[in-house]
Every structure is written in structure tokens, then in C-alpha cells.
Amino acid sequence: MPEPATRLTRIPPYLFADLERQRRLVEARGQRVISFSIGDPDLPTAPAVVARLLQEAPRAEHHRYPPYEGTASFRKSVAGYYQRRFGVDLDADREVVAAIGSKEAISHLVWAYIDPGDLSIVPEPAYPVYANQTLLAGGEVYALPLREEEGFLADLTAIPDPVARRAKLLFLNYPHNPTGAVASLAYFEQAVAFCRRWDILLVSDAAYVEMTFGALAPSVLEVPGAKEVAVEFYSLSKPFNMTGWRLGAMVGQEAAVAALKAVKTNTDSGQFSAIQAAGEEILNEGASAFVSAMNGVYRRRRDLLVMGLRQLGWAVPEPRGTFYLWARVPDGDDQAFASRLLAEAGVATSPGRGFGAAGTGYLRWALTVSEDQIAEALERLKDVLPALLAGS
Ligand SMILES: *Cc1c(COP(=O)(O)O)cnc(C)c1O
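The structure contained in this document is the topic of the report that follows.

How each quantity is defined
Residues numbered from 1 in each chain as written. Predicted model: local features only at pLDDT ≥ 70, side-chain atom pairs only at ≥ 80, totals over all residues. Heavy atoms only, no water. 1 Å grid on protein atoms, 1.4 Å probe; cavity = no way out; pocket = protein on both sides within 12 Å on 5 of 7 lines; lining within 4 Å. Points joined across faces, edges and corners; volume = space filled by probe spheres on them. Nonpolar A, V, L, I, M, F, W, Y, C, P; charged D, E, K, R; others polar. Helix = DSSP H or I, 4+ residues; strand = E, 2+ residues; numbered from the N terminus. Polar contact = N/O pair within 3.5 Å; in protein donor to acceptor, adjacent residues only side chain to side chain. Contact = heavy atoms within 4.5 Å. Phe/Tyr/Trp six-rings, centres within 6.5 Å; stacked < 30°, edge-to-face > 60°. Buried < 20%, exposed > 50% of the residue type's maximum accessible area, 1.4 Å probe, protein only. Lys NZ or Arg CZ within 6 Å of the ring centre and 35° of its normal.

**A short note on empty space enclosed by the protein**
Here's step 1: Taken as a whole, this structure holds two cavities of 30 Å³ or more when the rule is applied.
Here's step 2: Its volume calculated, the largest cavity comes out at about 60 Å³.
Here's step 3: Lining the largest cavity we find Pro123, Pro125, Ala126, Tyr130, Leu146, Phe171, Leu172, Asn173, Tyr174 and His176.
Here's step 4: In terms of residue class, the lining of the largest cavity is built from eight nonpolar, two polar and no charged.
Here's step 5: Approximately 40 Å³ is the volume attributed to the second largest cavity.
Here's step 6: Residues of the lining of the second largest cavity, tallied by class, amount to four nonpolar, four polar and two charged.

**Digging into the side chain of glutamate 232**
Here's step 1: Checked against the element boundaries, glutamate 232 lands in strand 7 (residues 230–235).
Here's step 2: In this structure the side chain of glutamate 232 is engaged in a polar contact, spanning 3.0 Å, whose partner is the backbone nitrogen of valine 220.
Here's step 3: Setting aside residues up to four positions removed in sequence, glutamate 232 forms contacts with Tyr82, Ser204, Ala206, Ser219, Val220, Leu221, Ala249, Met250 and Val251.

**Details of the packing of aromatic side chains**
The geometry of two aromatic rings is summed up by the distance between their centres and the angle between their planes.
Here's step 1: Enumeration according to the criterion identifies 18 aromatic pairs in this entry.
Here's step 2: Relative to tyrosine 234, the ring of tyrosine 82 has its centre 6.1 Å away and its plane inclined at 80°; by these criteria the two rings are edge-to-face. With tyrosine 82 in helix 3 (residues 72–86) and tyrosine 234 in strand 7, the pair connects residues that are 152 residues apart, well separated along the chain.
Here's step 3: On the basis of relative accessibility, which here comes to 1%, the residue tyrosine 234 falls in the buried class.
Here's step 4: Where tyrosine 127 meets tyrosine 130, the ring centres are 5.7 Å apart and the plane angle is 65°; that geometry is what we call edge-to-face.
Here's step 5: Look at tyrosine 127 and you get partly exposed, because its relative accessible area is 22%.
Here's step 6: Classification of tyrosine 130 by relative accessible area gives buried; the value is 3%.
Here's step 7: Cluster of aromatic residues (ring-pair linked, three or more members): Phe36, Trp314, Phe337 and Trp365.
Here's step 8: Taking the ring centre of phenylalanine 213 as reference, the NZ or CZ of arginine 302 above it sits at 4.3 Å.

Below is the structure:
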């Protein structure tokens, strides 16, 4: 057999193999693991979306290849949604392209811009796709560490001029996975100005834009002129419990939309158009009602977990958005801490270093677990956590 391409050796090894092995050991002992480790909503998709798919699926017009850029009506729904939710006008033909989940389109956008030796700026900790796709494409990553003292907002003034001059892409993701940080419109204004100054494409990943516990989060495209330098990834996965459906969109900068389409037409053939129609159902109606109900669920879970961990002596912060809790471990060894929570309490979390070196020393807890399960996890942690926090 020939060797796989050397580009595969450029992406880091899978860090959690050890934890997965350990998890199987815990389960083999007969203890059920309560898992806070995966950011995948546990509740069902809105019934109206499912009903619409059932209605659409038999229609023969959906049984052929869909248009590469997404159906016209799905793209119009996305544009209508941006208008209602953010006051942003989008041309559904030239400034919107459908995605088979945003992960697909983020990956392909990187291939549309990054040649060997090109540079992406990736604030870290981060969703691993930005850096790993840049590396697969032969590019280089400038990791910009996000600091808790700065509210995990990337300090763009800390980027050296030669890096800014070389960079082609700057990734931002607010509300932020894994830290739960939320950016203001004023912050996005600075980012747009920075990208304009250095001729960088601003890539905003808005997967969690609907998921905040206080004020609504802005879109980067609300910044006047942002469409000249920015694209944004919108995803139906997280707000509407649709991770399995694979539906999202990239919107904004027209040339970038065209470049993404050029990669996609040669790579995939789009999402099943019946699924696109089902997605329109929630974008056109009931989106805000569904989103407020879900945010209420996550808020109750967040409060329960945050209060419970604090009562056990861990001074964890309260996230403002997303469905993650990001907490510093006392001795800085996130991997060892996660490993002991798993072995001693059957509670699985994600060690922060999986989101880049800057995540070392933190644990991510996904609130995709019922209140009953959170209560049970806290019960199991009653004896374990105080001892761990005391360093024994
Ligand atoms: C989950 C997630 C995505 C991917 O979402 P899909 O649309 O399901 O591909 C993108 N970005 C971030 C930050 C995520 O957490």
C-alpha cells in the first residue's frame, strides 16, 4: 500500500484516545459515565422541522441533485433571517451559499484561500477545524492566545505587523467555543478595521450566535462595510438541535462566496433539498421562540452546574453564551484532572488542551446533559472534587 499523503502528518494526533480508553474501563466496571464532553444538543429537533421533512421527502423534485449553491428558497430564507435578526441585507444569489453543516464550508473556505506557505491567524483555544484545515492545505497557523483577563477576546493589537501583513484569514468565533465568551459589536468593529487595514478575510464563525444568556449576540455583518472584508458561517446545528441534519450557510463577502462555490462544485453536490426545505421552516417561523425555549433549558443547566461546582469549592465562572462551561483547574493539569474525574466519579469532560495549547489548564463542560444527570454528577463529585481541588 502507498503511504497516505504527508499532509496527514501535519495535523496533531488525537489527544483524547487515552481518555476514551479510560472511559471504556469505567464502563466495563459497570459504572455509567455521565458525559459533559461533547457539544452535541441532547434534545430533539423542533417538531415543525421534522414534520416538514416528512412532507417534503416523497416529492420527486428533491430526489435529484440539488443546486450546488443551495436552493433559491433556502438561500432566501437565510437572507430573510439575517434581515429580521440582525438588520443585515444580503443578496441571496451572490452573498449566500448553503453548507452541508458549517464544518464543511469552513473547511472548504480554507482550501479556497490557503496555498502552501499561506498564513491563518487563529485565536486559541478554538474549534480545531480552523487550524487543522489550514495545516492540511499546506498553510501555517499563527496561534493568538486568548486570555481570561481579557474576557477571551482576541487582542488584535498583539499581532506583530509582519504576521498581519502575511495573513490571509483571521478566524473569530463569538459566542465562543470553548470559553463561552461573547463579543460586542464594538469589538467586531475593531476586527473589521484590522482586516481592512491588512487586507485579510475576516472569517466569523457564528455557530452560537443565538445562544446567549443575556443580550442578543451581534453578527459581524452588522458592522457597516463588513461585507467588503468578512464572511460569516451560520449553522442550524446548535440552536435548533439539528447537528445530524447537516445544514448551514456562509454569507457575506461576494468574492469569498464565489471562491467557496468554486471549491464546492468540484467537491460535493449539496445538501438534500428536502432538508433545506425543512430548515426553512424554522428560519422563517418560530426561530426566536424555539431559541428562547432552548436558552432557558441551558440557563437552568448552567445555573445548576455552576452553583453545584462552586458549593464543592471550585470557583468556576458563569458563561455568557454557548452551552459550555470553561473552568480553570487548580494545578493546571487539565488532562490529569479530567482523567481523575472520569476514573473516580464517572464524569467525562474535555481537557482544554484539545482546543490548542492555550487551552491547557482548563476543562470544558458541555451543558448537553439533563438537569437530573447534572444533579447526579454533582452527587458523585461530592467526595471526589474537594479532595482533587485540595491537591490530593
Ligand atoms: C459545532 C461547531 C461548528 C460546526 O457546526 P456544523 O454546522 O454542525 O458543522 C462550527 N463551529 C463551532 C465553533 C462549533 O462548535
